[in-house]
Amino acid sequence: MKWLLSLTYPEVAADLSSRRPVCRAPLRLASTCRCWSTEVRWRWTSCRLLNSNVGPAALPAAPVGAERARLPGRAGAEPPWPSSGTVMAAERERQLCFYRQLPKVELHAHLNGCISSATMKKLMAQKPDLQIQNGMTVIDKGKKRTLEECFQMFQIIYQITTRTEDILLITKDVIKEFADDGVRYLELRSTPREEESTGMTKRMYVETVLEGIKECKEEGLDIDVRLLIAINRRCGPAVAKQTVKLAEEFLLSTDGVVVGLDFSGDPTAGHGKDFLEPLLEAKKAGLKLALHLSEIPNQEEETKILLGLPPDRIGHGTFLNSADSEELVLLVRQNQIPIELCMTSNIKTQTVPSCDKHHFGYWYNIGHPTVLCTDDKGVFATDLSQEYELVAKTFNLTRSQMWDLSYDSINYIFASNLKLSEDGLHSFLDCCSMCILVSG
Ligand SMILES: [Zn+2]
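Residues numbered from 1 in each chain as written. Predicted model: local features only at pLDDT ≥ 70, side-chain atom pairs only at ≥ 80, totals over all residues.

1. A word on the overall build of the chain
For step 1, the next point in the chain: Scanning the chain for helices and strands turns up 19 helices and eight strands.
For step 2, the next point in the chain: Taking all 440 residues of the chain together, 43% fall into the buried category. (Helix = DSSP H or I, 4+ residues; strand = E, 2+ residues; numbered from the N terminus. Buried ≥ 20, exposed ≤ 12 C-beta atoms within 10 Å, placed from the backbone.)

See the structure below:
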């Protein structure tokens, strides 16, 4: 196994031998059994990926094992905005091939923002009476959408997703698209919505999303999907309390599908301290917390208060490391709180001026847990493979470093109820032998 790997992928093999642990899963199996099943599948798939699926042309160009501390940013690197012509498109797709095959974890995906142009067109075709000015033009623009047009996309989405059947359709389409992109574990997040005109209640909304997740599972899609119920800060603390109650009920009744709570929405609306009570209540009830924090500058006070909870993951954290003091960074590091990073989203919404200035570089350099995510893949016309490629290109990371980044993100998932079965144990042991052969 090792010689085969060395011949075909010398850089990856050398990198694995020199610095990767043989297999960390047994420790977890002995202690908490945390997510072992996902790890087994992941490890197995990764071994297979390294050994057979990617040709020599896919070898990383940068030197092996570049230290994080020396990680350079590529000045002026921009997201892969449209390339013209079919040749360039084909070349882009070839470059993306490795990342499409890489098994990935997506932990920051807002259901409504993830709706693709194709799904939007399906929904619009079902509602011919709906008058949406320039709707099709904006949808067809894809990556060329301006920030204003991205906001317009959210408005269109709001108008075309008023019925439970719409919610079922978008949930299933979004899950299928993530699966097609090589995402093997997905945490979707969504704010429960009520719609008087169709009689949809918040409870019905959540139930429909869960139905979509269940149907995808029954259809055999190779993706494990969980749900975070979202608090929109614009709706205020009273609604947040109701949302927590609803989330608590679903936490108890869905056998681990609803795993946590998202705190998001307009970062200028309200103050984080007003949401402490419901967030603490949620934490006590066993819901994991993923909080959008420091998305805009000068929110140190609010961020510090919310970091005191502490959250289980941070969304964006764009300005955590640019505050006057290092206090926020210290708090995040002390608690080892993973940060969900969404590069294209930050560039499109103009909270980060260019890719090379993205805070991924800072957190990765200091070895802090980070996970690459898409945020709103439909609205920002991206997918997780493109985000991986963009980060690799911007910061000159090798494919084995990107593989590590993807693998490590399993540590930050919220699911914890995957059960040990005898079959699973065999796969687990087979996998370990394989990993030992590969890396030892
Ligand atoms: Zn977000």
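2. Some details on the sheet that holds strand S7 (residues 339-341)
For step 1, the next point in the chain: Spatial ordering of the open sheet is given by S1-S2-S3-S4-S5-S6-S7-S8, a layout of eight strands whose pairing is parallel. Among the strands making up the open sheet, the edge pair consists of strand S1 (104-110) and strand S8 (370-372). When the angles between neighbouring strand axes are averaged without regard to direction, this sheet yields 25°.
For step 2, the next point in the chain: Inspection of the sheet shows strand S6 (residues 313-316) paired to S7 by two bridges, in the parallel sense. The residue of S7 that forms the bridge with Gly315 is Glu340.
For step 3, the next point in the chain: The strands touched by helix H9 (residues 164-180) are S1, strand S2 (183-190) and strand S3 (224-232); relative to S2, the strand with the most contacts, the crossing angle is about 150°.
For step 4, the next point in the chain: Strand contacts of helix H10 (residues 202-218): S2 and S3, with the helix running at about 165° to S3, the strand carrying the most contacts. (Pairing = 2+ DSSP bridges. Axes fitted to C-alpha atoms, helices over the stretch in contact; angles between N-to-C directions. Contact = placed C-beta atoms within 7 Å.)

3. Observations regarding the packing of H9 against H10
For step 1, the next point in the chain: Contact geometry of H9 with H10 gives a least axis separation of 8 Å together with a crossing angle of 40°. Considered as vectors, H9 and H10 are oriented oblique to each other. As H9 packs across H10, the resulting crossing turns out to be right-handed. Across the interface between the two elements, Thr164, Ile167, Leu168, Thr171, Lys172, Ile175 and Lys176 of H9 pack against Met204, Tyr205, Thr208, Val209, Glu211, Gly212, Ile213, Glu215 and Cys216 of H10.
For step 2, the next point in the chain: When its residues are assigned to classes, the contact of H9 with H10 shows eight nonpolar, four polar and four charged. (Parallel < 35°, antiparallel > 145°, perpendicular 65-115°, else oblique. Left-handed = near helix turned anticlockwise from the far one by under 90°. Nonpolar A, V, L, I, M, F, W, Y, C, P; charged D, E, K, R; others polar.)

4. Comments concerning the environment of Lys172
For step 1, the next point in the chain: Inspection of the secondary structure puts Lys172 in helix H9.
For step 2, the next point in the chain: Distance from Lys172 to Cys216, taken between C-alpha atoms, is 6.4 Å for residues 44 residues apart in sequence.
For step 3, the next point in the chain: If sequence neighbours within four positions are ignored, Lys172 has contacts with Gly212, Glu215 and Cys216.

5. Focus: the packing of helix H6 (residues 117-125) against H9
For step 1, the next point in the chain: Axis separation between H6 and H9 bottoms out at 10 Å; the angle between their running directions is 160°. In this view, H6 runs roughly antiparallel relative to H9, as classed from their interaxial angle. Seen from above, H6 lies across H9 with right-handed handedness. Along its contact with H6, which presents Thr119, Lys122 and Leu123, the element H9 presents Asp166, Leu169, Ile170 and Asp173.
For step 2, the next point in the chain: Of the residues that constitute the contact of H6 with H9, the class distribution is three nonpolar, one polar and three charged.

6. Looking at unusual backbone geometry
For step 1, the next point in the chain: Backbone torsion omega between Leu309 and Pro310 reads -20°, so that peptide bond is classified as cis.
For step 2, the next point in the chain: You will see that Gln336, though not glycine, has its phi angle at about 50°, which is positive.
For step 3, the next point in the chain: Mapped onto the secondary structure, Gln336 falls in the loop between helix H14 (327-334) and S7.
For step 4, the next point in the chain: When the 11 C-beta atoms within 10 Å are taken as the criterion, Gln336 is described as exposed.

7. Here we look at the nonpolar core
For step 1, the next point in the chain: Among the nonpolar cores identified, the biggest contains 95 residues, and Leu186, Ile229, Ala247, Leu261 and Val391 are the most heavily contacted of them.
For step 2, the next point in the chain: Excluding residues that lie within four positions of it along the chain, Val391 makes contacts with Met343, Phe360, Leu372 and Leu397. (Core = buried A, V, L, I, M, F, W, Y, C linked by C-beta atoms within 7 Å.)

8. What about helix H13 (residues 300-307)?
For step 1, the next point in the chain: Of the positions making up H13, those classed as buried are Thr303, Leu306 and Leu307. What you see down the axis of H13 is that its buried residues fit within an arc of 100°, all on one side.
For step 2, the next point in the chain: Contacts from the buried residues of H13 go to strand S5 (288-293) and H14. (Arc of directions from axis to C-beta.)

Functional significance is not addressed by these values, which are geometric in nature.
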